[in-house]
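Coordinate analysis (summary)
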Protein chains: 2
Amino acid sequence: MYSKDIAKLAGVSRSTVSRVVNNYSNVEEETRKKVNSIIKKYGYVPHGPARALAGKFSNIIGIFIANIKLGNEKFRVYQNVYISPFEAAIIDYADKLGYNVLALIINNDSDFNKIKKLFDSKILSGGIFLGANNNSREIFDLIKSGYKIAIIDQEKNQNRTVHNYIIVNSDNFGGAYKATRHLIDYGHTEIAHICGDMNKYSGFKRFEGYLKAMSEIKLKNKKDYITYGDFTEEGGFNCANQLLRNKVKNRITAIFSSNDTMAIGAMKALKKMKIRIPEDISIVGYDDIRIASYVSPTLTTVRSSIMEMASVATKNLINSIENKINALEYFIIPAELVIRESTTKK
Amino acid sequence: MYSKDIAKLAGVSRSTVSRVVNNYSNVEEETRKKVNSIIKKYGYVPHGPARALAGKFSNIIGIFIANIKLGNEKFRVYQNVYISPFEAAIIDYADKLGYNVLALIINNDSDFNKIKKLFDSKILSGGIFLGANNNSREIFDLIKSGYKIAIIDQEKNQNRTVHNYIIVNSDNFGGAYKATRHLIDYGHTEIAHICGDMNKYSGFKRFEGYLKAMSEIKLKNKKDYITYGDFTEEGGFNCANQLLRNKVKNRITAIFSSNDTMAIGAMKALKKMKIRIPEDISIVGYDDIRIASYVSPTLTTVRSSIMEMASVATKNLINSIENKINALEYFIIPAELVIRESTTKK
DNA sequence: TTGTAAGCGTTATCAA
DNA sequence: TTGATAACGCTTACAA
């Protein structure tokens, strides 16, 4: 069933059918009704590729998910409890706006070629990057080519030649500040930090939030309190071992970990050393991943609305596609503290 | 950069460029080399919609994920720790075969119209259903229309008019048998079962595996030992309460739950009643979701290779697209027992 | 082995 | 407000 068939049945031309399909105003109301009823009756669906070929943008956006690189372990991304909810929220939100989502997992730089091809071949009319490294040159190249891009978790960049894209971030700084401040309010002063991947915006921004809160109290030997993980459970495990093994061992009473996954790794390390949580050491994570409320003790953490981040990114991306907007748009989504069992007053 | 540009640069016609792009044999080797080098040099990518319009099938397959219906809670699917790994594995595997994946979440029957449109508009050349209900009429309608479909977790159907699709299942029966047999081997005889959604293949097949193992030992009052959950944590919680509240309370020493999520719900219920796991009651789940190794005690469960199920479905779907195969193909992926802390000898 | 030309289903331009 | 027609970029007979 094609537009010419509808045209014949309705006694109009294909152009008129096209006008109705695209909701153009220059169609008589009666004609519109007749055509629409026939379209409905026969379940006519415009041929997507033909529309695209004739100049319409596709109603498909891409979602590009950075895989976690960890040795030879493949498909690590689908163990990433933080990413999946984002993905599903974007799919669902795009669907509401009449768009479909094509998902791609980025394992390495050469995968950017695939993305470029998808854009070049006009299959995608926009895309959202999830978990990509900060200020990636490849992403900027795409933006410079005029493609519509939104990035979740990226620094607002200062590069004056790249300015037409959308950034959505959790209030990493504010959230980390709240987390650390929560420990301080509970009477802790000897608070260690497990950093995330410092190449990602969330990594260093949460670190800055921690520093801000710590600057409000007096603390010596600051450096010993800071360890460098990479957002993975193994990283958190190692950092906790390092923290508790060195000379600060007997002073630390609390840890703020840059994400939940590392916090859970740290908890495993502490349990192995027979250190009690939260009696001996309080722990705060970040992200409120699902597992956070299943570990024991349940994990105090920081949460940003995933729905909100996903919807802001998706909505604005689609808006910029449809209205051909080309401005830098920058959104920060608030973060709230979720207090559970892993923190206690000192 | 279009094929005519490549043609001009290479000093050939567009048809020849097309032949090279599509790897046809009737091209002189030297011509092919020249054209290919220019394609590479200028980063030419064929226009997807134009190819589709000219008769090629698209290299996009769909993945249709059934959402969980639970009251008013939206976007429940992205809390589904079982589905996400499947999705990512399919995306990754399709990518290896040069295909892209368009993801869609099915919330209700009317979403099947969207799926039909995606097929009708030639955007998709095949699709995989995840978590769909057994023998859904809507899915069969799609298959009857000639669209290429693979289904994960569906009964091999007896309907003689629908036979040209792919089914991939975990060995639910064998896995459930192993799980129950494991409890029996540990000396348990009073083994209860928490059923999953009996509208799904996995639900009733796992139940049958349990029955098979139980039939090998003598047991009275069989009916009291069986409760009906729905694969959700709440369901497992309620079933455990029901089991431990009624008259069989003091006899049951073990529970086999049809999935991990319900097993975790059951564990919560037992903890609330101060029943020790595994000392008082042993528990086995199914699926080996990530949380299973984070709860305490860690959960004994049954695992099928997600990678294998995803790759079998994806590979065979794409094969049937490219070779226009139209046969019913039925695959069963083996399941293995993973013994952890939640089961002990009686 | 290669080129010419028609055709895929839609939208956009122009004229009526 | 409508219809005829060209154009979108590719593939594919058919002819050479």
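Structural data are supplied above this passage.
A few points on the structure. (Residues numbered from 1 in each chain as written. Chains lettered and ligands numbered in written order. Predicted model: local features only at pLDDT ≥ 70, side-chain atom pairs only at ≥ 80, totals over all residues. Heavy atoms only, no water.)

**Quick look at the protein's contact with DNA strand C**
Of all residues adjacent to DNA strand C, which total 27 residues, the nearest are Arg14(A), Tyr44(A), Ser15(B), Arg19(B) and Thr31(B). Near the protein, within 4 Å, the atoms of DNA strand C are sugar or phosphate in 62% of cases. A distance of 3.5 Å is found between a base nitrogen of DNA strand C and a side-chain nitrogen or oxygen belonging to Ser15(A). The contact in question runs from a phosphate oxygen of DNA strand C to an N or O atom on the backbone of His47(A), over 3.2 Å. Secondary-structure elements contributing two or more residues to the surface near DNA strand C are helix 2 (14–21) and helix 4 (48–53) of chain A together with helix 2 (14–21) of chain B. Ranked by the residues each element gives to the surface near DNA strand C, the list is headed by helix 2 of chain A, at four residues. For the surface near DNA strand C, the class distribution of residues is 10 nonpolar, 11 polar and six charged. (Near = heavy atom within 4 Å. Polar contact = N/O pair within 3.5 Å; in protein donor to acceptor, adjacent residues only side chain to side chain. Helix = DSSP H or I, 4+ residues; strand = E, 2+ residues; numbered from the N terminus. Nonpolar A, V, L, I, M, F, W, Y, C, P; charged D, E, K, R; others polar.)

**Re the environment of Tyr2(B)**
Structurally, the position occupied by Tyr2(B) is in the segment before helix 1 (3–10). Expressed as a C-alpha distance, the spacing of Tyr2(B) and Lys271(B), which sit 269 residues apart in the sequence, is 66 Å.

**Some words on the packing of aromatic side chains**
Counted by the stated rule, this structure contains 14 aromatic pairs over all chains. For the ring pair Phe64(A) and Phe129(A), a centre distance of 4.8 Å and an interplane angle of 50 degrees mean the geometry is tilted. Taken as a pair, Phe64(A) in strand 1 (residues 60–66) and Phe129(A) in strand 3 (residues 126–130) lie far apart in primary sequence, 65 residues in all. Phe129(A) gets classed as buried once you look at its relative accessible area, which sits at 0%. One aromatic cluster is present, built from ring pairs that chain together Phe64(A), Phe112(A), Phe119(A), Phe129(A) and Tyr147(A). Geometry around Tyr286(B) places Arg206(B) over its ring, the cationic atom sitting 3.6 Å from the centre. (Phe/Tyr/Trp six-rings, centres within 6.5 Å; stacked < 30°, edge-to-face > 60°. Buried < 20%, exposed > 50% of the residue type's maximum accessible area, 1.4 Å probe, protein only. Lys NZ or Arg CZ within 6 Å of the ring centre and 35° of its normal.)

**Brief notes about the interface of chain B and chain A**
Chain B puts 47 residues into the contact, and the matching count from chain A is 47 residues. Linking chain B to chain A there are four salt bridges. A salt bridge links Arg290(A) to Glu233(B); its shortest N-O distance comes to 3.9 Å. Counting residues per element, the ones that place at least two in the side of chain B that touches chain A are helix 4 (48–53), helix 5 (83–96), strand 2 (100–106), helix 6 (111–120) and helix 11 (260–272) of chain B. With nine residues, helix 5 of chain B is the largest single contributor of residues to the side of chain B that touches chain A. Pairing analysis gives three bridges linking strand 2 (residues 100–106) of chain A to strand 2 of chain B, with the strands arranged antiparallel. Bridged to Ala103(A) within strand 2 of chain B is Val101(B). (Contact = heavy atoms within 4.5 Å. Salt bridge = Lys/Arg side-chain N within 4 Å of Asp/Glu carboxyl O. Pairing = 2+ DSSP bridges.)

**Re the relation of the copies chain B and chain A**
Least-squares fitting of chain B to chain A yields an RMSD of 0.1 Å, with the transformation described by 0.0 Å of translation along the axis and a rotation of 180 degrees. Both chain copies can therefore be described as sitting about a two-fold axis. Take the interface residues of chain B: 100% of them recur as interface residues in chain A, which is what a same-surface contact looks like. (Least-squares fit on C-alpha atoms with pLDDT ≥ 70 in both.)

**Considerations on the protein's contact with DNA strand D**
Residues in close proximity to DNA strand D total 28 residues, the closest being Arg19(A), Thr31(A), Ser18(B), Tyr24(B) and Tyr44(B). In DNA strand D, the atoms that sit within 4 Å of the protein are 57% sugar and phosphate, with bases accounting for the remainder. Here a phosphate oxygen of DNA strand D and a side-chain polar atom of Thr31(A) are 2.4 Å apart. At a separation of 2.5 Å, a phosphate oxygen of DNA strand D approaches a polar side-chain atom of Tyr44(B). Those elements that place two or more of their residues in the surface near DNA strand D are helix 2 of chain A together with helix 2 and helix 4 of chain B.

**Things to note about the nonpolar core**
Core analysis: the largest hydrophobic core is formed by 90 residues, its most contacted members being Ile283(A) and Ile283(B). The residues touching Ile283(A), leaving out its near neighbours within four places in the chain, are Ile255(A), Ala263(A), Ala266(A), Met267(A), Leu270(A), Ile277(A), Leu299(A), Thr300(A), Ser342(A) and Thr343(A). Of all hydrophobic cores here, the second largest spans 57 residues; its members include Ile61(B), Ala150(B), Ile152(B) and Ile318(B). (Core = buried A, V, L, I, M, F, W, Y, C linked by side-chain atoms within 4.5 Å.)

These results come straight from atomic positions and should not be treated as a statement about function.
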